[in-house]
Amino acid sequence: MLRYTLRRLLWAIPTLFGASIIVFLLTTLLPEPPTLASIAAVAVTSGDFTEYDRLEDERSTRFLEIPRFLNPRPVDVRTLAETSVATIVRGGADAPVAAHTLGRIGGAALPYVLPELDGLPADVRGRVAVALAPVAARMKLGNPDDLAKPDRAVTFWTHFWEDRALDFTEPSVRRAVRRLVHFGSDLREDDILLADTFALEPVIDAMATTTDRVAIERLTRVAAHVTGRGLVATLDATESARRRVVAEWHEWWYVHAMDYIALDGAERVAATIGDTRYGKWAARVGSGQLGVSARDGEPIAPKLASRMGVTMLVTVASMLASFAVAVPIGVFSAWRRGHAIDTAIAVVLFALYSMPTFWSAMLLARIFTGADALVAARVGASDLRMVLAIMTLTLASLATLSRQQRSAMLEVVRQDYVRTARAKGVPAIRVMVVHALRNALVPTVTLASLQLPALFGGAFVVEEVFGLQGLGYETLRAVEAHDAPWLMATILLTAGGTTLALVLSDILHALLDPRVRETYVRRQGAAA
Amino acid sequence: MRPSAYDLKPVKSPPSSDLPGGGANEPPESLNVRSRPAALLVAQAQFAQSRLARASAVTLAFMLLVAIFADVLAADLPILCRVHGSLYVMANVTHPAALEGSDCHALAASKDRAPGDFALCPVVRFGPNTAAAGGETLVAPSFAAGHPFGTDAKGRDVFARIVHGTRTSLTFGLLTALAFVTVGAILGAFAGFFGGLLDAVVTRLVETLASLPTLILVLVVQALTAKPSALTMLLTIAATRWTEVTRIIRAEVIFASAQDYVVAARALGASPTRILWKHILPNVLVPALAAAPFGVAAVLLIEAAMDFLSLGIAPTTPSWGEILGEARFRPGAWWLLVFPGVSLFASLVALNLVGEALRDALDPRLRDEEAGFGRQLGG
């Protein structure tokens, strides 16, 4: 049995993977911001890169700058720096954009730019050095006027690298950051600023490991300074505000890290899959980070959990209720097969089967609570509305289950052992309930769990009619507000839940019916 | 729904062999490629026997007529009229510029009508989007006011909206079902016939898509697309619903491939394409057809639910779901709840019954307890 369960669970993995790809593809439906190339020319002519940076940030937050599924040439800081320098060397229209990018990635790019400076032709050497002026400004070094002059800038950066190349190594910055955390002082803070963005990785890492308020203030201030984002957790901020700032920095790092770190061989291979839109998205979702709601900026996961209760209650309760009612009805109509009552039951069930859920919900609301309850979420005790919602869904799934029960009963009744029991004088009703029902229950149990997804979908509409504040109600509000993160989370949850229900129903089936297990294992064995 | 891939039903005999009536006397399939598929003939005969199925087919035909002649049943301009000496034919459909701003009531009762002027008006003299004169809203059903089904909160005639909504729903339902039954049948046939990698991919895809409830997926897609429209909804529904058809057809094709007549054809050297086209497809045609009515019913339901939540086809388009959605906020107006609800319910009942009848006809030897509602209700 364990073997069967494990096998079945394994088979669910490709399904979940496929579902995640489909949900991911849904994100591509979202309207995309304009491409960077479209705005680059404007930024170059006006010399104002504010809008360009904003757009760059927006696009990379949605990972639009990396390929969807496979990234054969992942771009790390080294590649970025080298292509930027090459573009500047080549000159042309996009050279100013490359210069701007070089200025933005700053210190992290220096180990790949400055050593190459000597090898460049004299005229372009100056252009590259001038492009680095913003970096020097952030480091609070040099004279801005000097750095704008090509020959002076080259001299400055050459000296800079001669003096400080040793500081641009990972152990060195890590040590500096550790010292800043433990014995913070303005002097040490300035020391780290000299490494500029090269120190970002240890700085961001340190934010997670320390809880010291002073250290966090310093760390966020450093990060804010070198990236130009005004996100500092000041000393007087509340604990939750501080946590939020740190979380935002981690989020930012998750999106932008590739601009500031260099990959070694193994990492580069991993990045061909990991550094893609799907990879980034799936890794984030897989670790339970569902993002924040676009409506109110609240994190989605806890909200989802709090709304789940109502929906799960309605769904599961109606499944159980429908099972409890359907089985006796099925047994009864099988027992009275061909009588008028059997036909009458069939007619009623067929009507229920064809009834649109939202219509029956509204009719029930009108019958039981009077016309007023039709106005969603206003009147009526919550309990009554809950009961009515469960009732609606029960009626909706009743037909399928009791028909299944009826035909299973009729099938079983023809078996020899039932006939034997009858021949030995066991009363008909006892044969039905004791001998036949046990075997006829199996398919109905399986079918009941297969109904879960349909009931779940039905719950969305029913909640809306009865004004129950569950997942469906919240999702419809999200639809109105185009709250993409919430919708993504909901649909992922639904897909996961459905797959799980399917697996559970199969396992349940195998548990109840040993023949299934054997067939399955044999089939798998034969296939292998 | 078929409970699982490995259910333990006894193997059933091929639909085309050993048939009552004409089917058995026909020459073998491979010799008589021009004849209509035997399975289809039998299905037809079976179908004709069921009273309920006939009644449902009549209901559906009636709804189709309503959809086609919606403009004759309810429109704000006359079907045929002469105004100031010029004759307008089918003004209710063409809406000629000359009659702009005028309507049936004015044309029929106008005092300054020239001699020889006349107007032949539709049954109900309101279009689906004409608001009642005098700003009256929520008129209860009354023949005297000319609103047999009343009006909605915007003063639009409910009868007109239901009649035109029939057109919306049926068009949408039929188009969507056509799309996914075609795609589903083709994919199912190929997957079942060729097997191997194609089969594995299709099966995985079916299982994956089946894990996403259609209604929720449609909701999300409509919310996320820049311009949600009837087309995006159609595509989304079709994208998830083909799986059901594929599942059925694939199983049928696998079953048919193992039959003697296919083996014989293969032994005779028939190409795979020929076997699939001439021998297998005719036998799986009926299951594909039987899936269609259920498909249309499912689409109608989703479309109505989306309109009910006012997230469906454009809000001005008349539809049943839209009226029902309005009923939520007009507790007193029972006519907003009853008339569109009954229309939707009736069409779902008819579609389901036709589907059941087709499915039962598909396999005449199916025992009663395995048959669906249709057998039991139809007698």
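Residues numbered from 1 in each chain as written. Chains lettered and ligands numbered in written order. Predicted model: local features only at pLDDT ≥ 70, side-chain atom pairs only at ≥ 80, totals over all residues. Heavy atoms only, no water.

Observations concerning the overall build of chain A
Summing up its helical and strand segments, chain A has 27 helices and 0 strands in all. Over its C-alpha atoms chain A spans a radius of gyration of 33 Å, topping by over 25% the 24 Å that the globule rule assigns to 528 residues. In terms of principal-axis extent, the alpha carbons of chain A reach across some 110 × 60 × 50 Å. Looking at the 528 residues of chain A, the share that counts as buried comes to 49%. Contacts in chain A between residues far apart in sequence, at least 24 positions, make up 71% of those at least 6 positions apart. Carbon and sulfur atoms make up 62% of the accessible area of chain A, which totals about 24,500 Å². (Helix = DSSP H or I, 4+ residues; strand = E, 2+ residues; numbered from the N terminus. Rg over C-alpha atoms; globule rule 2.2 N^0.38 Å. Buried < 20%, exposed > 50% of the residue type's maximum accessible area, 1.4 Å probe, protein only. Contact = heavy atoms within 4.5 Å. Areas by Shrake-Rupley, 256 points an atom, 1.4 Å probe, with all protein chains shown as cover.)

Section: the overall build of chain B
Across its full length, chain B holds 15 helices and 3 strands. Expressed as a percentage of its 379 residues, the buried residues of chain B come to 53%. When the accessible area of chain B is evaluated, it comes to approximately 16,900 Å², of which 66% is carbon and sulfur surface.

Quick notes on the sheet that holds strand S2 (residues 86-89) of chain B
Residues and elements named next belong to chain B. Overall, antiparallel pairing links the 3 strands, which are arranged S2-S1-S3 in an open sheet. A strand with exactly one partner marks an edge of an open sheet, and here the two such strands are S2 and strand S3 (118-120). Each strand axis lies, on average, 20° off the axis of its neighbour in the sheet, ignoring direction. In the sheet, strand S1 (residues 80-83) pairs with S3 via 3 bridges, with the strands oriented antiparallel. When the sheet's bridge partners are listed, Leu-80 is paired in S3 with Leu-120. (Pairing = 2+ DSSP bridges. Axes fitted to C-alpha atoms, helices over the stretch in contact; angles between N-to-C directions.)

Description of the pairing of S2(B)
Looking at chain direction, S1(B) and S2(B) are connected through 4 bridges and run antiparallel. If you follow Cys81(B) over to S2(B), its bridge partner there is Tyr88(B).

Focus: the interface of chain A and chain B
When the parts of a complex come together, some accessible area is lost, and that lost area is often taken as the interface size. Listed per partner, the contact involves 65 residues of chain A and 55 residues of chain B. Overall, the association of chain A and chain B removes approximately 5,600 Å² of surface from exposure, summing both partners, and the carbon and sulfur fraction of that is 74%. It is Phe350(A), Phe358(A) and Trp359(A) in chain A that bury the most area against chain B; as a group they hold 12% of the surface buried on that side. Linking chain A with chain B are 1 salt bridge, by the criterion used here. Two residues, Arg328(B) and Glu464(A), come together in a salt bridge whose shortest N-O distance is 3.1 Å. Of all elements in the fold, only helix H1 (2-27), helix H19 (340-353), helix H20 (357-369), helix H21 (382-413), helix H24 (452-466), helix H25 (471-480), helix H26 (484-512) and helix H27 (514-527) of chain A reach the threshold of two or more residues within the side of chain A that touches chain B. (Buried area = accessible area lost by both parts, 1.4 Å probe. Salt bridge = Lys/Arg side-chain N within 4 Å of Asp/Glu carboxyl O.)

Overview of the packing of helix H22 (residues 416-423) of chain A against helix H23 (residues 428-450) of chain A
Residue and element names in this part refer to chain A. Interhelical geometry of H22 versus H23 gives an angle of 160° and a closest axis separation of 10 Å. The pairing of H22 with H23 is recorded here as roughly antiparallel in orientation. Here H22 and H23 pass one another in a crossing that is right-handed. Residues Tyr-417, Val-418, Ala-421 and Arg-422 of H22 lie in contact with H23, whose contacting residues are Ala-428, Val-431, His-435, Ala-436 and Asn-439. Classifying every residue of the contact of H22 with H23 by side-chain character gives 6 nonpolar, 2 polar and 1 charged. (Parallel < 35°, antiparallel > 145°, perpendicular 65-115°, else oblique. Left-handed = near helix turned anticlockwise from the far one by under 90°. Nonpolar A, V, L, I, M, F, W, Y, C, P; charged D, E, K, R; others polar.)

Comments concerning a nonpolar patch on the surface
Residues and elements named next belong to chain A. A cluster of nonpolar side chains, namely Phe-332, Trp-335, Ile-341, Ile-429, Val-433 and Val-434, defines an oily patch on the protein surface of about 480 Å² accessible area. Of all the elements in the fold, those that place two or more residues in the nonpolar patch are helix H18 (300-335) and H23. Broken down by element, the residue count for the nonpolar patch peaks at 3 residues, all from H23. The topology assignment puts Ile-341 in helix H19. (Patch = residues over 30% accessible without salt bridge, like charges linked within 9 Å, V, L, I, M, F, W, Y side chains within 5 Å.)

Overview of the environment of Ile302(B)
Residue placement: Ile302(B) occurs in helix H12 (residues 272-308). Ile302(B) sits 65 residues away from Ile237(B) along the chain, and the two C-alpha atoms are 8.4 Å apart.

A short note on unusual backbone geometry
With a phi close to 55°, His482(A) is a non-glycine residue in the positive phi region. As for its position among the elements, His482(A) is in the loop between H25 and H26. Residue classification places His482(A) among the partly exposed residues on the basis of a relative accessible area of 47%. At Ser310(B), a position not held by glycine, the phi torsion is positive, near 45°. As for its position among the elements, Ser310(B) is in the loop between H12 and helix H13 (320-329).

Points about the pattern of salt bridges
All names here are of chain A. Applying the stated rule across the entire model yields 34 salt bridges over all chains. The shortest N-O distance in the salt bridge between Glu-65 and Arg-59 comes to 2.5 Å. Residue classification places Arg-59 among the buried residues on the basis of a relative accessible area of 6%. One salt bridge in this structure joins Arg-284 and Glu-251, with 2.7 Å as the shortest N-O distance. Linking Arg-284 in helix H17 (residues 277-286) with Glu-251 in helix H15 (residues 239-256), this pair joins segments that are 33 residues apart in sequence. The exposure class of Arg-284 is buried, given its relative accessible area of 16%. In this structure Glu-251 comes out as partly exposed when scored by relative accessible area, which is 32%. Among the charged side chains, a salt-bridge network with shared partners connects Asp-186, Glu-189, Glu-217, Arg-218 and Arg-221.

Details of the packing of aromatic side chains
Under the counting rule described, the total for this entry stands at 29 aromatic pairs over all chains. Ring plane angle 75° and centroid distance 5.3 Å describe the contact between Phe149(B) and Phe159(B), whose orientation is recorded as edge-to-face. Of this pair, Phe149(B) sits in the loop between S3 and helix H7 (158-194) while Phe159(B) sits in helix H7, placing them 10 residues apart in sequence. One aromatic cluster in this structure is built from Phe156(A), Trp157(A), Phe160(A), Trp161(A), Phe168(A) and Phe198(A). Cation over ring: Arg328(B) sits above Phe308(B), and NZ or CZ is 4.7 Å from the ring centre. (Phe/Tyr/Trp six-rings, centres within 6.5 Å; stacked < 30°, edge-to-face > 60°. Lys NZ or Arg CZ within 6 Å of the ring centre and 35° of its normal.)

A look at the confidence of the model for chain A
Reading predicted coordinates in detail is not appropriate for stretches of low pLDDT. All names here are of chain A. The predicted model of chain A has a mean per-residue pLDDT of 84, with 96% of residues at 70 or higher. The spread of mean pLDDT over the elements of chain A runs between H27, the lowest at 61, and helix H11 (residues 170-182), the highest at 90. Below pLDDT 50 for its whole length, residues 372-379 participates in 22 contacts with residues either more than four positions away or in separate chains. (pLDDT = per-residue confidence, 0-100.)

Notes on the pairing of S1(B)
Within a regular strand, side chains alternate between the sheet's two faces. Of the two faces of S1(B), the one lined by Cys81(B) and Val83(B) is fully buried and the one lined by Leu80(B) and Arg82(B) carries no buried residue. Here S1(B) hands over to S2(B) after 2 residues, with His84(B) in that stretch at a positive phi of 50°.

Observations regarding the packing of H12(B) against H13(B)
All names here are of chain B. Here H12 crosses H13 at 40°, and the two axes come no closer than 7 Å. In terms of orientation, H12 lies oblique with respect to H13. Considering only the axes of H12 and H13, their crossing is right-handed. Along the contact surface, H12 presents Ala-304, Asp-307 and Phe-308, while H13 presents Gly-321, Glu-322, Leu-324, Gly-325 and Arg-328. Each residue belonging to the contact of H12 with H13 can be placed in one class, and the counts come to 3 nonpolar, 2 polar and 3 charged.

Some details on H23(A)
With 23 residues, H23(A) extends 31 Å between its outermost C-alpha atoms, agreeing within 8% with the 33 Å of an ideal straight helix rising 1.5 Å per residue. Residue Leu437(A) marks the point of greatest curvature in H23(A), where the axis turns by about 60°. (Expected span 1.5 Å × (residues − 1). Bend = angle between axes of the 7 residues up to and from the residue.)

A short note on helix H3 (residues 50-61) of chain A
Residue and element names in this part refer to chain A. The first and last C-alpha atoms of H3 sit 17 Å apart over 12 residues, in line with the 16 Å expected at 1.5 Å per residue. Buried within H3 are the following residues: Tyr-52, Leu-55, Glu-56, Arg-59 and Ser-60. An end-on view of H3 places all buried positions within 125° of arc, on one side of the element. Looking at the packing, one finds that the buried side of H3 touches helix H2 (36-46), helix H5 (95-105) and H15. Phe-63 sits one or two residues past H3 and shows a positive phi near 60°. (Arc of directions from axis to C-beta.)

A word on the environment of Val442(A)
Residue and element names in this part refer to chain A. Structurally, Val-442 can be placed in helix H23. Of the residues examined, Val-442 reaches a relative accessible area of 10% and is grouped as buried. For Val-442, the contacting residues outside a window of four places in its chain are His-509, Leu-512 and Asp-513.

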